[in-house]
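Secondary and tertiary structure notes
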Amino acid sequence: FAIKRLGFHSPGDALGAILIPTSAPETQFKIIGIFEDFRSAPFLTGKGSTEDVTGRGQCFSNFRMNLDYGIPERVSVRLKEGQLQDFITNTGKLYADMFPGNVFNWYFLDQHVNRHYQQQQIIRNQVSFFTFLAVAVACLGLLGMITNRVADKLKEISIRRILGARHFHITAVLLDTTFKQIVIAMAIGLPIAWKLAHEYLERYTERIDLHWWHFSLPLAILLAIMFATIASVLWNASRNNPVEALKHE
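A few points on the structure. Given the structure is predicted, the values throughout are model-derived calculations rather than measurements.

As a further point, take the overall build of the chain. When its secondary structure is counted, the chain shows 10 helices and four strands. Starting at the N terminus and ending at the C terminus, the chain contains elements arranged as α-α-β-β-α-β-β-α-α-α-α-α-α-α. Scored against the burial criterion, the 249 residues of the chain give a buried share of 19%. Split by element, the accessible area of the chain, about 18500 Å² in all, is 61% carbon and sulfur.

Written out as structure tokens, the structure reads:
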């Protein structure tokens, strides 16, 4: 990506080229090697250009403008498994010889990037916990509401049973109001969910596209949980002996 930003058409054209910074024309840099694109910054957006945010197109070593050119701030090194300990020891000695009095610090690039996602992981865990809690409370409330409705409509259900009403007729009577509430909640909640999800994804430089099934699938799962919660109550209401129910009314 860096060679494209510099105007080269291929890695072969860039290899060996001399670069002259506009801020320091007396200084020259020679391209001695080219490596594949790698990410040195998290996917979270921030200030600066797209390249600054994503970390693409960066040189092997970074330089600060207030330091003399040729003094690297950070150097990235790719290691094979088992080379870490020897590399740290040897590099620490070399660093102490070249920059006496300075502290030698090192870190893994992936761990450095992942630290930016810790807050996102905390938010994810909190949202998951409170979502589970909200669903559990809603299911308990729905169970209590349907149970109370069955008790209030016991006489009506019994008469319907005697007149030949089937199980799905009894279920429709008990869930008529609940179904209307679900439709209203969907009409209000789905646009809000799409808006919040879209704004959340805008925080990342690379993101997925939202599709209809991202919202319909969770909705189907919630409906399945809801019906599973009240299934036993609805089944018992449609299977009770209507004669015994009317006897006590």
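Glancing now at helix α4 (residues 84–98). If you check α4, its first and last C-alpha atoms are 21 Å apart, about what 15 residues at 1.5 Å a residue would give, namely 21 Å. Those residues of α4 that fall on the buried side of the exposure criterion are I88, T91 and G92. Looking straight down α4, one finds its buried side chains confined to an arc of 110°; they lie on one side. Away from the buried face of α4 by more than 90 degrees, exposed residues D86, N90, K93 and D97 are located.

In this section: the pattern of salt bridges. Enumeration over the complete set of coordinates arrives at three salt bridges. In this structure, the salt-bridge partner of K153 is E156, at a minimum N-O distance of 3.5 Å. Given a relative accessible area of 27%, K153 falls into the partly exposed group. Between E199 and K195 there is a salt bridge, and its shortest N-O distance comes to 3.7 Å. Within this pair, E199 and its partner K195 are both found in helix α8 (residues 167–201), separated by four residues, close to a single helical turn. Residue E199 is classed as partly exposed on the basis of its relative accessible area of 41%. Its relative accessible area of 43% is what places K195 among the partly exposed residues.

This part takes up the packing of helix α6 (residues 118–152) against helix α9 (residues 213–239). Two packed helices can be described by the angle between their axes and the distance between those axes. Where α6 meets α9, the closest approach of the two axes is 10 Å, and the angle between their N-to-C directions is 25°. On the basis of the axis angle, α6 is roughly parallel to α9. For the pair α6 and α9, the sense of crossing is right-handed. Of the residues in α9, those in contact with V135, C139, L142, L143, I146, T147 and V150 of α6 are L222, I225, M226, T229, I230, V233, L234 and A237. Residue composition of the contact of α6 with α9, grouped by class: 13 nonpolar, two polar and no charged.

What follows is about a nonpolar patch on the surface. A surface patch of nonpolar side chains, amounting to about 650 Å² of accessible area, comprises W212, W213, L217, I221, L222 and I225. Of note, W212 is situated in the loop between α8 and α9.

Next up on the list: the environment of G144. Positionally, G144 belongs in helix α6. Overall, G144 belongs to the partly exposed group, its relative accessible area being 41%. Spatially, the C-alpha atoms of G144 and V233 are 9.9 Å apart, while their sequence positions differ by 89 residues.

By secondary structure assignment, the location of R149 is in helix α6. Buried within the structure, R149 lacks any salt-bridge partner; D152 is the closest side chain of opposite charge, at an N-O distance of 7.1 Å. One polar contact links R149 to T178, side chain to side chain, over a distance of 3.3 Å. The residues touching R149, leaving out its near neighbours within four places in the chain, are L174, L175, T177 and T178.

Positionally, T178 belongs in helix α8. On the basis of relative accessibility, which here comes to 4%, the residue T178 falls in the buried class. If we ignore the near neighbours within four places in the chain, the residues touching T178 are L142, M145, I146, R149 and M226.

Here we take up α8. For the α-helix, the turn length of 3.6 residues means that residues three or four positions removed from each other point alike. Given a rise of 1.5 Å per residue, 35 residues ought to cover 51 Å, yet the end C-alpha atoms of α8 are separated by just 45 Å, more than 12% below that figure. At L175, α8 shows its maximal kink, close to 55°. Taken together, the buried positions of α8 are occupied by I170, V173, L174, L175, T178, I182 and L201. The secondary structure elements touched by the buried residues of α8 are α6, α7 (154–162) and α9.

Cut-offs and rules
Residues numbered from 1 in each chain as written. Predicted model: local features only at pLDDT ≥ 70, side-chain atom pairs only at ≥ 80, totals over all residues. Heavy atoms only, no water. Helix = DSSP H or I, 4+ residues; strand = E, 2+ residues; numbered from the N terminus. Buried < 20%, exposed > 50% of the residue type's maximum accessible area, 1.4 Å probe, protein only. Areas by Shrake-Rupley, 256 points an atom, 1.4 Å probe, with all protein chains shown as cover. Expected span 1.5 Å × (residues − 1). Arc of directions from axis to C-beta. Salt bridge = Lys/Arg side-chain N within 4 Å of Asp/Glu carboxyl O. Axes fitted to C-alpha atoms, helices over the stretch in contact; angles between N-to-C directions. Parallel < 35°, antiparallel > 145°, perpendicular 65-115°, else oblique. Left-handed = near helix turned anticlockwise from the far one by under 90°. Contact = heavy atoms within 4.5 Å. Nonpolar A, V, L, I, M, F, W, Y, C, P; charged D, E, K, R; others polar. Patch = residues over 30% accessible without salt bridge, like charges linked within 9 Å, V, L, I, M, F, W, Y side chains within 5 Å. Lys, Arg positive; Asp, Glu negative; His and termini not counted. Polar contact = N/O pair within 3.5 Å; in protein donor to acceptor, adjacent residues only side chain to side chain. Bend = angle between axes of the 7 residues up to and from the residue.

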